[in-house]
Amino acid sequence: MGMKHPFQIQSLAQYQAACTAAAENPEAFWAGVAENFRWKRKWDKVLDWNFDEPRIEWFKGAQLNITENCLDRHLDARGDQPALIFEPNDPSDPARVLSYRELHVKVMQFAQVLKNNGVQKGDRVCLYMGMIPELAIAVLACARIGAVHSVVFGGFSAQSIADRINDAQAKLVVTCDGAYRGAKVIPLKSVVDDAVTMCPSVEKVIVSTHTRTPVSMIKGRDLWWEDEIKRVESMGNPYVEAESMDAEDMLFILYTSGSTGKPKGVVHTCAGYMIWTTYTFVNAFQYQPGQVHFCTADIGWITGHSYLIYGPLSAGATTLMFEGVPTWPDAGRFWDIVDRHHVNILYTAPTAIRSLMGFGEEPLRGKKLDSLKVLGTVGEPINEEAWNWYNTHIGKGKCPIVDTWWQTETGGILITNLAGVTPAKATFATLPMPGVEPLLVDEQGTEIHGNGVSGNLCIRKPWPGMLRTTYGDHERCRQTYFSTYPGLYFTGDGCLRDEDGHYRITGRVDDVLNVSGHRIGTAEVENALNMHAGVVESAVVGFPHDIKGQGIYAYVVYQGFHEDENLTRQDILATVSRVIGPIAKPDQIQFVSGLPKTRSGKIMRRILRKIAEGDTSNLGDTTTLLDPSVVDEIAAGRAT
Ligand code: WT7
């Protein structure tokens, strides 16, 4: 079914050659890769950058539209090939398949709907939807007309949506009546209704019907997706030209948590992001033409953007989108999907692997899994046991596993082995993509040279897919990523480089938690806890969790108990759910009479982390604390 990609690395020697070429002359290297895309106008300059500002410009002067690369350019060669396979929540409902030609038509139809509703190039559109094809269509329709999409994960609360809409000043929201998640129906439109009352910028809400959960439809504001499509059909389905975008025009905003209370809008731009997601997709997974790629991530996270939509479609792959959850109706669901749709590449998160591993081998009985060629993992460090299980029971020892390290901010994979091409090592992301120069630094910012060392992971030079700014607050972008270690991009991750020079990411070194692969800021959770009427003060830390990777542990100073402590706990959890969303609910709440603070009032998180981890033996020096006795009380009262 066609040839390998022209920029596909096929041997260790080719990998090394690509690294050398990209390091010696990045402009020539990336220009060579860029030749394989469709441009409306070629670039004047490949790269211009300065990390101090920061200013990162790739392919300046070029014009393009990412949807021409994801759709139009495939129509001749593979117009009838499935572009998107949709596996619904309920396995007894039929799957939906959209060929490249069909997806192209649907994207243009919805692009016209957006235009009919006043959306113009540069306008922000918020997408709060379940995992249905209409979400992918809406994403691409925005890109088609140059509107900036901001997808908000369906597990966020009305307040969180409102904060994101207001920050981006979105003028239109696309949602669904409801979404299925296993046995549950999530009433998305009703959550949007609560959000939009706080959002004066929103003019229209378009509602796609899916669950037929009853919804309120407000005259003049709310419109049905299906009615709007009919309107476009009655216009004769006009051809919607792909808007000419400058290489550095914004493609999308995706909000992510940091160490402060307020999520930041990570901004990705058109050309660099397209090239990075395509290049990394083809190389990390060693995608072969015609293969079916199943990325289990939700489009509400960056993995869904880069490896469910843009990377695979730009490469001409068949991408599989699954609405449901891995454990419903039973823990064999992923394996059913793999067999049913002959999945070749499976890309999932360690939390899912650990959870499925917990069900033993019964759910694997009768599953062939013989279509699988490559397995991938992302989102958090994978433990050896989970890696081995994935390798043995899913890959049958025959599928290379790629452990892909990256971040919302990096746009795509930065460190990974290339499936079957560069060596894999359990629990190691291994080696950087060509053009990526990782380095380790100590707390003072001094580079740690040599092998067999650990430090904070930084990146020395720009790569095409990196973030350009944080929306509406460039200074925050500079502060967060480029000021800790001047001249370097700081990832926020700790990292080990072993004797062979292979990288192993050990986890965040800032106040960001990684719960089931979801990024949550401790400050955000504390803000939410503190909004509860009885909470005087709180401190949140992570603790090791068998399935989620990290769990959320909250120490809470509470005033005015008038009932069972457990009821109070439930109220506090309901508050966090209301403020952020159910994903941020602490796993443990320990009521304490005070928090361990230094004389200057700083909370000693190190001590709280140790206690949450269950290690109360060696709490280190507590003599600098304002009230050392509080530590004994907290250690004795540890929640289990
Ligand atoms: C953080 C980024 C990248 C898409 C999903 C998460 C952690 C990510 C790995 C990996 C160890 C990993 C890091 C990173 N992380 N991939 N393969 N091994 N840790 O995106 O929400 O932006 O989170 O996830 O700590 O900083 P994100």
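Everything quoted here is computed from the prediction, not taken from an experiment.

Colleague: Looking at this structure, how should I read the overall build of the protein chain?
Modeller: Across its full length, the protein chain carries 19 helices and 30 strands. Its C-alpha radius of gyration of 24 Å places the protein chain within 12% of the 26 Å reference for a compact globule of 640 residues. C-alpha atoms of the protein chain, sized along the principal axes, occupy 75 × 65 × 55 Å. Relative to its full complement of 640 residues, the protein chain shows a buried share of 61%. Sequence-distant contacts, at least 24 apart, represent 71% of the contacts inside the protein chain between residues at least 6 apart. On the protein chain, roughly 23600 Å² of surface is accessible, and the fraction owed to carbon and sulfur atoms is 49%.

Colleague: Hey, could you run me through the site of the ligand in this one?
Modeller: Residues in close proximity to the ligand total 17 residues, the closest being Asp403, Thr408, Asp493, Arg508 and Arg519. Asp403 has a polar side-chain atom sitting 2.7 Å from a nitrogen atom of the ligand. Contacts to the ligand include Asn514, whose side-chain N or O atom sits 3.3 Å from an oxygen atom. For the ligand, whose accessible area on its own is 550 Å², the fraction buried by protein is 96%.

Colleague: Looking at this model, I keep getting lost on the sheet that holds strand β22 (residues 453-459). Mind explaining?
Modeller: Sheet strands pair by backbone hydrogen bonding; their relative direction is either parallel or antiparallel. As summarised here, the arrangement of the four strands in space is β21-β22-β24-β25, forming an open sheet in which the pairing is antiparallel. Either end of the sheet is taken by a strand with one partner, and the two such strands are β21 (438-441) and β25 (503-508). Here the average twist between neighbouring strands, direction ignored, is 45°. Bridging between β21 and β22 involves four bridges; their strand directions are antiparallel. Bridge pairing links Pro438 to Ile459 in β22.

Colleague: I keep staring at helix α18 (residues 605-613) and nothing clicks. Help me out?
Modeller: One full turn of an α-helix is made of 3.6 residues, so residues set three or four places apart face in the same direction. All of the buried residues along α18 are Arg605, Ile607, Leu608, Ile611 and Ala612. Angularly, the buried residues of α18 cover 155° about the axis, an arc narrow enough to put them on a single face. After α18 finishes, the residue Gly614 shows a positive phi value of roughly 90°.

Colleague: Help me out: how do you make sense of the nonpolar core in this one?
Modeller: One recurring pattern in soluble globular proteins is that nonpolar side chains are buried together. If you look at the biggest cluster of nonpolar residues, it comprises 169 residues, and the most contacted ones within it are Trp30, Trp39, Phe59, Phe110, Phe285 and Tyr310. Counting only domains with at least three residues in this core, you end up with domain 1 (68-74 + 93-243) and domain 2 (512-636). If sequence neighbours within four positions are ignored, Phe285 has contacts with Thr280, His293, Tyr307, Ile345, Tyr347, Val374, Gly376, Val402, Ile413 and Ala419. In terms of nonpolar packing, the next biggest core, distinct from the first, is built from 29 residues, Phe334, Val343, Leu375 and Ile394 among them.

Colleague: Looking at this model, I keep getting lost on the pattern of salt bridges. Mind explaining?
Modeller: Pairing is possible between side chains that carry opposite charge, provided their charged atoms lie close to one another. Under the definition given, this model contains 39 salt bridges. Of the charged contacts in the structure, one is a salt bridge between Glu87 and Arg333, with a shortest N-O distance of 2.6 Å. Here Glu87 is found in strand β4 (residues 82-87), whereas its partner Arg333 is found in helix α12 (residues 333-341), with 246 residues between them in sequence. Given a relative accessible area of 0%, Glu87 falls into the buried group. Close ionic contact of Arg468 with Glu248 constitutes a salt bridge, the shortest N to O distance being 2.9 Å. Of this pair, Arg468 sits in the loop between β22 and β23 (469-470) while Glu248 sits in the loop between β13 (245-246) and β14 (250-256), and the two are 220 residues apart along the sequence.

Colleague: Please clarify how unusual backbone geometry should be interpreted in this entry.
Modeller: Note on backbone geometry: most residues besides glycine have negative phi, and most peptide bonds are trans. Between Glu53 and Pro54 the backbone carries a cis peptide bond, its omega angle lying at -15°. Looking at the secondary structure, you find Pro54 in the loop between β1 (45-50) and β2 (55-60). Omega for the bond connecting Trp328 with Pro329 falls within 30 degrees of zero, at 0°, which places this linkage in the cis form. Following the sequence through the fold, Pro329 ends up in the loop between β17 (318-322) and α12.

Colleague: I keep staring at the state of the cysteines and nothing clicks. Help me out?
Modeller: Here, the word disulfide means a covalent bond between the sulfur atoms of two cysteines. Within this structure, the stated rule accounts for zero disulfides. Cysteine Cys70 is unpaired, with the sulfur of Cys270 as its nearest cysteine sulfur at 11 Å. Here Cys477 is not disulfide-linked; the sulfur of Cys458 is the nearest cysteine sulfur, at 14 Å. What makes Cys477 buried here is its relative accessible area of 0%.

Colleague: Would you explain the sheet that holds strand β11 (residues 204-208) in this entry?
Modeller: Strand order across the open sheet formed by eight strands is β12-β11-β8-β6-β7-β14-β15-β23, with mixed pairing between neighbours. On the outer flanks of this sheet lie β12 (222-224) and β23, each paired with one strand and no other. For strand β15 (residues 264-269) and β23, the ladder comprises two bridges, and the chain directions are antiparallel. Opposite Val266, over in β23, you have Thr470 as the bridge partner.

Colleague: Help me understand the packing of helix α6 (residues 133-145) against helix α11 (residues 302-314) in this model?
Modeller: Think of two packed helices as two axes; the pair is described by the angle between the axes and how far apart they sit. At a minimum axis separation of 11 Å, α6 and α11 run at an interaxial angle of 65°. Read as a crossing pair, α6 and α11 show a hand that is right-handed. Of the residues in α11, those touching α6 at Ala136, Val139, Leu140 and Ala143 are Ile309, Tyr310 and Leu313. Of the residues belonging to the contact of α6 with α11, the class tally is seven nonpolar, no polar and no charged.

Colleague: Would you explain the domain arrangement of the protein chain in this entry?
Modeller: Interface size, as often reported, equals the accessible area lost upon joining of the parts. One can read the domain layout of the protein chain as domain 1 (68-74 + 93-243) and domain 2 (512-636). Relative placement of domain 1 and domain 2: their C-alpha centres are 37 Å apart. Tallying the contact residues gives six residues for domain 1 and eight residues for domain 2. Across the interface of domain 1 and domain 2, roughly 470 Å² is buried in total on both sides, 55% from carbon and sulfur atoms.

Colleague: Would you explain the packing of helix α2 (residues 26-34) against helix α10 (residues 270-284) in this entry?
Modeller: The geometry of α2 relative to α10 is characterised by a closest axis approach of 11 Å and an angle of 80° between their N-to-C directions. Looking at the two axes, α2 sits roughly perpendicular to α10. Counted together, Phe29, Trp30, Val33 and Ala34 of α2 and Ile275, Trp276 and Tyr279 of α10 form the full contact between these two elements. For the contact of α2 with α10, a count of residues per class yields seven nonpolar, no polar and no charged.

Calculation notes
- Residues numbered from 1 in each chain as written.
- Predicted model: local features only at pLDDT ≥ 70, side-chain atom pairs only at ≥ 80, totals over all residues.
- Heavy atoms only, no water.
- Helix = DSSP H or I, 4+ residues; strand = E, 2+ residues; numbered from the N terminus.
- Rg over C-alpha atoms; globule rule 2.2 N^0.38 Å.
- Buried < 20%, exposed > 50% of the residue type's maximum accessible area, 1.4 Å probe, protein only.
- Contact = heavy atoms within 4.5 Å.
- Areas by Shrake-Rupley, 256 points an atom, 1.4 Å probe, with all protein chains shown as cover.
- Near = heavy atom within 4 Å.
- Polar contact = N/O pair within 3.5 Å; in protein donor to acceptor, adjacent residues only side chain to side chain.
- Pairing = 2+ DSSP bridges.
- Axes fitted to C-alpha atoms, helices over the stretch in contact; angles between N-to-C directions.
- Arc of directions from axis to C-beta.
- Core = buried A, V, L, I, M, F, W, Y, C linked by side-chain atoms within 4.5 Å.
- Domains from an automatic or database assignment.
- Salt bridge = Lys/Arg side-chain N within 4 Å of Asp/Glu carboxyl O.
- Disulfide = S-S within 2.5 Å.
- Left-handed = near helix turned anticlockwise from the far one by under 90°.
- Nonpolar A, V, L, I, M, F, W, Y, C, P; charged D, E, K, R; others polar.
- Buried area = accessible area lost by both parts, 1.4 Å probe.
- Parallel < 35°, antiparallel > 145°, perpendicular 65-115°, else oblique.

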